[in-house]
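Chains, contacts and geometry: an overview
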Amino acid sequence: MIKNIKVLVCLIFLTQFNVYSQSVLELEFVKQLNIYRKNHGLGPVKYDAEVSNIALYHSNYINECKKVGHIVIKDKLPHDEQFDLNNFKELNFEQRADLAPNKNIYSEISITANPVGKSESIESIAKGIILSFDGSPKHKEIMLAEDSPVKFIDVVGVSIIKCSKDLGESYDEYIVNVDFGFIVRDLYK
């Protein structure tokens, strides 16, 4: 009962923001992800705003943890800490996936600290994120998941936010969450 109430509260939080509007960097990341997948003989993924809302929730949680000095365990996948903050309940991966049941979210990849030079281009930052994920065998496996059968559309939710941590004049730090799912073609609108 309490679990359902917590998930309901988080669902209300997510729906207050209508539809997540992707940033230029997030759009570029999806473009670079599709180039990466194409180079490995796979089809593209389609950006999904609802799944991006869920990714954003997790990015904000990680950012809040950093503000209070809680360090997310980098080698723990899928970075589910269950470290609740005063006004922020962390949802584990299954709870986040349940927020969009028709999207069949099956995996996520995250970078909790991705420092980049402030003078880097959007394209360069997006490519750097892909390279960071490519350097991890598990993240690479998720990015290169086989295409869904013809009756499904592969979707991706992306959240890339600037970390509240100040790295000085030369660098910014980003928190990146990418959720992968698929939907039945007839349900896609």
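Source: prediction; values computed, not measured. (Residues numbered from 1 in each chain as written. Predicted model: local features only at pLDDT ≥ 70, side-chain atom pairs only at ≥ 80, totals over all residues. Heavy atoms only, no water.)

What about the packing of aromatic side chains?
- Applying the stated criterion across every chain yields a total of two aromatic pairs.
- Relative to F133, the ring of F29 lies with its centre 6.4 Å away and its plane at 75 degrees, an arrangement referred to as edge-to-face. With F29 in helix 2 (residues 24-39) and F133 in helix 5 (residues 122-134), the pair connects residues that are 104 residues apart, well separated along the chain.
- Residue F29 is classed as buried on the basis of its relative accessible area, which comes to 0%.
- Where Y106 meets F182, the ring centres are 6.3 Å apart and the plane angle is 35 degrees; that geometry is what we call tilted. Here F182 lies in strand 4 (residues 171-184) and Y106 lies in the loop between helix 4 (93-98) and strand 2 (107-117), a separation of 76 residues in the sequence.
- F182 sits in the partly exposed class, given a relative accessible area of 24%. (Phe/Tyr/Trp six-rings, centres within 6.5 Å; stacked < 30°, edge-to-face > 60°. Helix = DSSP H or I, 4+ residues; strand = E, 2+ residues; numbered from the N terminus. Buried < 20%, exposed > 50% of the residue type's maximum accessible area, 1.4 Å probe, protein only.)

Looking at the confidence of the model for the protein
- With 71% of its residues at a pLDDT of 70 or more, the protein has an overall mean of 76.
- Of all the helices and strands in the protein, helix 1 (residues 2-15) carries the lowest mean pLDDT, 42, while helix 2 carries the highest, 94.
- Note on residues 1-19: pLDDT under 50 across the span, and 16 contacts to partners over four residues away in sequence or across chains. (pLDDT = per-residue confidence, 0-100. Contact = heavy atoms within 4.5 Å.)

Section: the side chain of E26
- For E26, the location among the structural elements is in helix 2.
- Among buried charged residues, E26 stands out as having no salt bridge; its nearest opposite-charge side chain is K162, 12 Å away.
- A distance of 2.8 Å separates the side chain of E26 from the backbone nitrogen of S23, its partner in a polar contact. (Lys, Arg positive; Asp, Glu negative; His and termini not counted. Salt bridge = Lys/Arg side-chain N within 4 Å of Asp/Glu carboxyl O. Polar contact = N/O pair within 3.5 Å; in protein donor to acceptor, adjacent residues only side chain to side chain.)

Observations concerning empty space enclosed by the protein
- Scanning the entire structure with this criterion turns up one cavity of 30 Å³ or more.
- What the largest cavity holds in volume is close to 40 Å³.
- Taken together, the elements giving at least two residues each to the lining of the largest cavity come down to strand 3 (152-162) and strand 4.
- Within the lining of the largest cavity, the residues separate by chemical class into six nonpolar, one polar and three charged. (1 Å grid on protein atoms, 1.4 Å probe; cavity = no way out; pocket = protein on both sides within 12 Å on 5 of 7 lines; lining within 4 Å. Points joined across faces, edges and corners; volume = space filled by probe spheres on them. Nonpolar A, V, L, I, M, F, W, Y, C, P; charged D, E, K, R; others polar.)

Observations regarding the packing of helix 2 against helix 5
- Where helix 2 meets helix 5, the axes come as close as 9 Å, and the angle between the chain directions of the two elements is 50 degrees. Classified by the angle between their axes, helix 2 and helix 5 sit oblique to one another. Relative to helix 5, the crossing made by helix 2 is right-handed. Residues V24, L25, E28, F29, Q32, L33 and Y36 of helix 2 lie in contact with helix 5, whose contacting residues are I122, E123, I125, A126, K127, I129, I130, F133 and D134.
- Split by residue class, the contact of helix 2 with helix 5 holds 11 nonpolar, one polar and four charged. (Axes fitted to C-alpha atoms, helices over the stretch in contact; angles between N-to-C directions. Parallel < 35°, antiparallel > 145°, perpendicular 65-115°, else oblique. Left-handed = near helix turned anticlockwise from the far one by under 90°.)

Some details on the nonpolar core
- F29, F133 and V178 are the most contacted members of the largest nonpolar core, which totals 27 residues.
- Of all elements in the fold, only helix 2, strand 2, helix 5, helix 6 (137-143), strand 3 and strand 4 reach the threshold of two or more residues within this core. (Core = buried A, V, L, I, M, F, W, Y, C linked by side-chain atoms within 4.5 Å.)

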